[in-house]
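So you can see what is in the structure, the chains are spelled out below.
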Amino acid sequence: QESARRRGLTEVVPRIRFIHHWNFIHVLHRSFAVLDTFPYGGCLTVLEALAAGIPVVTLPSHFVRGRFALTIYKQMGLDHPSFGLVTATPKDFAQAATRIAMNETFRMEVSE
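Here's a quick rundown of the structure. (Residues numbered from 1 in each chain as written. Predicted model: local features only at pLDDT ≥ 70, side-chain atom pairs only at ≥ 80, totals over all residues. Heavy atoms only, no water.)

## With respect to the side chain of Thr58
Residue placement: Thr58 occurs in the loop between β2 (56-57) and α4 (68-76). In this structure Thr58 comes out as buried when scored by relative accessible area, which is 0%. A polar atom in the side chain of Thr58 sits 2.8 Å from the side chain of Asp36. Contact partners of Thr58, with chain neighbours within four places excluded, come to Asp36, Ala69, Leu70, Tyr73, Leu85, Val86, Thr87 and Phe93. (Helix = DSSP H or I, 4+ residues; strand = E, 2+ residues; numbered from the N terminus. Buried < 20%, exposed > 50% of the residue type's maximum accessible area, 1.4 Å probe, protein only. Polar contact = N/O pair within 3.5 Å; in protein donor to acceptor, adjacent residues only side chain to side chain. Contact = heavy atoms within 4.5 Å.)

## Things to note about the nonpolar core
In this structure, Leu28, Val34, Ala49, Val56, Val57, Leu85 and Ile100 are the most contacted members of the largest nonpolar core, which totals 20 residues. Breaking this core down by element, the ones donating at least two residues are α2 (21-28), α3 (44-51), β2, α4, α5 (90-102) and α6 (104-111). At 4 residues, α4 tops the list of elements feeding residues into this core. Apart from residues lying up to four places away in sequence, Leu85 is in contact with Pro55, Val56, Val57, Thr58, Tyr73, Ile100 and Val110. (Core = buried A, V, L, I, M, F, W, Y, C linked by side-chain atoms within 4.5 Å.)

## Re the packing of α3 against α4
In the contact formed by α3 and α4, the axes pass within 9 Å of each other and the chain directions differ by 40°. One finds that α3 runs oblique with respect to α4. The element α3 and its partner α4 pack so that their crossing is right-handed. Taken together, the residues of α4 that come into contact with α3 (itself represented by Val46, Leu47 and Leu50) are Ala69, Ile72, Tyr73 and Met76. Of the residues that constitute the contact of α3 with α4, the class distribution is 7 nonpolar, no polar and no charged. (Axes fitted to C-alpha atoms, helices over the stretch in contact; angles between N-to-C directions. Parallel < 35°, antiparallel > 145°, perpendicular 65-115°, else oblique. Left-handed = near helix turned anticlockwise from the far one by under 90°. Nonpolar A, V, L, I, M, F, W, Y, C, P; charged D, E, K, R; others polar.)

Pasting the structure below:
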């Protein structure tokens, strides 16, 4: 709590929910997008999200442990910045997440 207060995150922390992986699939199917974790990116969760047609917004780190989503998107040919799912800065990450949440046309395009 003290760390969250120092960082100005006290309003955000109550909205964070940790769930068991078994429940992840149920939550996933009710989601518009998955926000990849930073600096340690997801791998299995990214694959599961993409398999369900749910786009993943990612901010790759400099280390392999934070580049799984980027690598998967590269294999899919979706790593170009014009797709709006692989971001370069925290600000871009927030904007991409907001765009998916607020722009239904964009959300449908990246979910295909």
